[in-house]
Amino acid sequence: FVGHTDQIWDVAFSPDGERIASAGADGDIIFWDTRSGERVATLPDVGFEINRIAISPNGKWLAAVGDNYAIRVWTLENLEQNPSAAHPVSIPIEGAQSLFAVTFSPDSQRLAAGGSDNRIYSWETADWSPAGEFAGHQGHIESLSYSPDGAMLASASSDRTINLWATATGAVLKTLRSHETNSALVSCVAFSHDGRRLVSCGLQDERSLVWDTETGEQLAELQGHQNWVQGASFSSDDSLIATACKD
């Protein structure tokens, strides 16, 4: 998969697994055939360095965030046939110059994003109208993850904590704090597919932590890396956790 001209910051699979989208510092969003590695489409005129991307579970939209005070959302239908006709919806955010996290709810009905103003914003995907804000962190929002049933939203922050939010009310259900002793910030959160566990990792921290999402109890501390852990994810059957590190 060769085609970017600068660092790649994020990748996302399409729901059917047939395509991978990649994005990064060159401002390009490129779609690839997962089998052949062939470039099949490039989104035009993104115009900013991209920090994160997300593809909706229904495969209808791709959202991108970066250092541009806004989220851009493209409709993916017919993209490969006519990429030049793909004009994004731009959703402005007055408070956040930089956005570092973006995700869709499991039913694709909501989009959430957060960044440098310490808040999480959400929108209804039916018409991109605001669906609420989540305020409570004292640092930048670094990562977001919906629970599989969409009832909770997990947020990782540069304040070195993780919040579990009730998506219906915006209330904080739990605040998880074990990264405070080792990390400069919490860089990643991800729910297990059954929603019962959460994995997190931190910058300047060689550990990944596993949590019980009902009680907030820390269940495990995963060690073995020799540098900062920057990403983590459960396998499809939740029996394994993969972690990515600067080592």
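Our subject is the structure listed above.
Residues numbered from 1 in each chain as written. Predicted model: local features only at pLDDT ≥ 70, side-chain atom pairs only at ≥ 80, totals over all residues. Heavy atoms only, no water.

1. Things to note about the environment of D6
Rules: Elements are defined by DSSP. Helices are runs of H or I of four residues or more, strands are runs of E of two residues or more, and each kind is numbered from the N terminus. Burial classes: relative accessible area under 20% of the type maximum marks a residue as buried, over 50% as exposed, and values in between as partly exposed (1.4 Å probe, protein chains only).
Summarising the element assignment, D6 is placed in the segment before strand 1 (8-13). Taking the relative accessible area as the measure of exposure, D6 reaches 42% and is therefore partly exposed.

2. Here we look at the sheet that holds strand 13 (residues 141-146)
Test applied: Here the rule is simple: two strands pair whenever DSSP picks up at least two bridges between them. Lines fitted to C-alpha atoms define the axes here, with helix axes fitted over just the stretch in contact, and angles between the N-to-C directions of these axes take values from 0 to 180 degrees.
Strand order in the open sheet formed by four strands is 13-14-15-16, with antiparallel pairing between adjacent strands. Edge positions in the open sheet fall to strand 13 and strand 16 (172-176), since each of these has one partner strand only. Geometrically, the sheet is characterised by an average inter-axis angle of 20° between neighbouring strands, direction not taken into account.

3. Topic: the nonpolar core
So the rule is basically this: In plain words, nonpolar cores are sets of buried Ala, Val, Leu, Ile, Met, Phe, Trp, Tyr and Cys residues tied together by side-chain atoms within 4.5 Å. In this description, contact between two residues means that some pair of their heavy atoms is separated by no more than 4.5 Å.
The biggest cluster of nonpolar side chains holds 18 residues, and the ones touching the most others in it are I29, F31, L43, I50, I53, L62 and W74. Broken down by secondary-structure element, the contributors of at least two residues to this core are strand 2 (19-24), strand 3 (29-33), strand 4 (39-43), strand 5 (50-55) and strand 6 (61-66). Setting aside residues up to four positions removed in sequence, W74 forms contacts with I29, L43, V46, K60, W61, L62, A64, A86, H87 and P88. I91, V102, W123 and W128 belong to the second largest nonpolar core, which has 16 residues in total.

4. Considerations on the sheet that holds strand 19 (residues 208-212)
The four strands lie next to each other as 17-18-19-20, forming an open sheet whose pairing is antiparallel. Of all the strands in the sheet, the pair left with one neighbour each is strand 17 (185-191) and strand 20 (218-222). Within this sheet the neighbouring strands show an average axis-to-axis angle of 20°, counted without direction. Note: strand 19 against strand 20, four bridges, orientation antiparallel.

5. Brief notes about the pattern of salt bridges
Stated formally: Think of a salt bridge as a Lys or Arg side-chain nitrogen and an Asp or Glu carboxyl oxygen that are within 4 Å of each other.
Counted under the stated rule, the structure contains five salt bridges. The residue D33 makes a salt bridge to R19 at a minimum N-O spacing of 3.0 Å. Of this pair, D33 sits in strand 3 while R19 sits in strand 2, and the two are 14 residues apart along the sequence. Each member of the pair D33 and R19 is classed as buried. Measuring nitrogen to oxygen at the nearest pair gives 2.6 Å for the salt bridge that ties R19 to E80. Highlighted residues: R19 in strand 2 and E80 in the loop between strand 7 (70-75) and strand 8 (89-92), separated in sequence by 61 residues. Among the residues examined, E80 registers a relative accessible area of 34% and is labelled partly exposed.

6. A few points about the layout of surface pockets
We apply this condition: Definitions used throughout: a 1 Å grid over protein atoms alone; a cavity as a set of points that fits a 1.4 Å probe which cannot get out; a pocket as an open set with protein on both sides within 12 Å along at least five of seven lines; a lining residue as one with an atom within 4 Å of a point. Grid points are joined across faces, edges and corners, and a volume is the space filled by probe spheres set on the points. Any residue outside Ala, Val, Leu, Ile, Met, Phe, Trp, Tyr, Cys, Pro, Asp, Glu, Lys and Arg is labelled polar, Gly included; the first ten of those are nonpolar and the last four are charged.
Of the voids in this model, the largest pocket is the one considered here, and its volume is about 1700 Å³. Around the largest pocket sit 46 residues that line it, and D10, V11, S143, L144 and V189 are the ones nearest its centre. Every element with two or more residues in the lining of the largest pocket is listed here: strand 1, strand 5, strand 9 (99-104), strand 13, strand 17, strand 21 (229-234) and strand 22 (241-245). Per-element accounting of the lining of the largest pocket gives the leading share, six residues, to strand 17. If you add up the space inside the second largest pocket, you get close to 230 Å³. If you go around the second largest pocket, the residues you meet are S14, P15, D16, E18, R19, F31, I55, G59, L76, E77, L79 and E80. The residue makeup of the lining of the second largest pocket, split by class, is five nonpolar, two polar and five charged.

7. Points about the packing of aromatic side chains
How we decide: Pairs were defined over the aromatic rings of Phe, Tyr and Trp, the Trp ring being its six-membered one, requiring ring centres within 6.5 Å. Orientation was assigned from the angle between planes: stacked under 30 degrees, edge-to-face over 60, tilted for the rest.
What the rule picks out here adds up to five aromatic pairs. Relative to W32, the ring of F1 lies with its centre 5.7 Å away and its plane at 90°, an arrangement referred to as edge-to-face. Placement of the pair is F1 in the segment before strand 1 and W32 in strand 3, with a sequence separation of 31 residues. Classification of W32 as buried rests on a relative accessible area of 3%. Judged by centre distance (6.3 Å) and plane angle (15°), the rings of W61 and F104 are stacked. One end of the pair, W61, is in strand 6; the other, F104, is in strand 9, with 43 residues separating them in the sequence.

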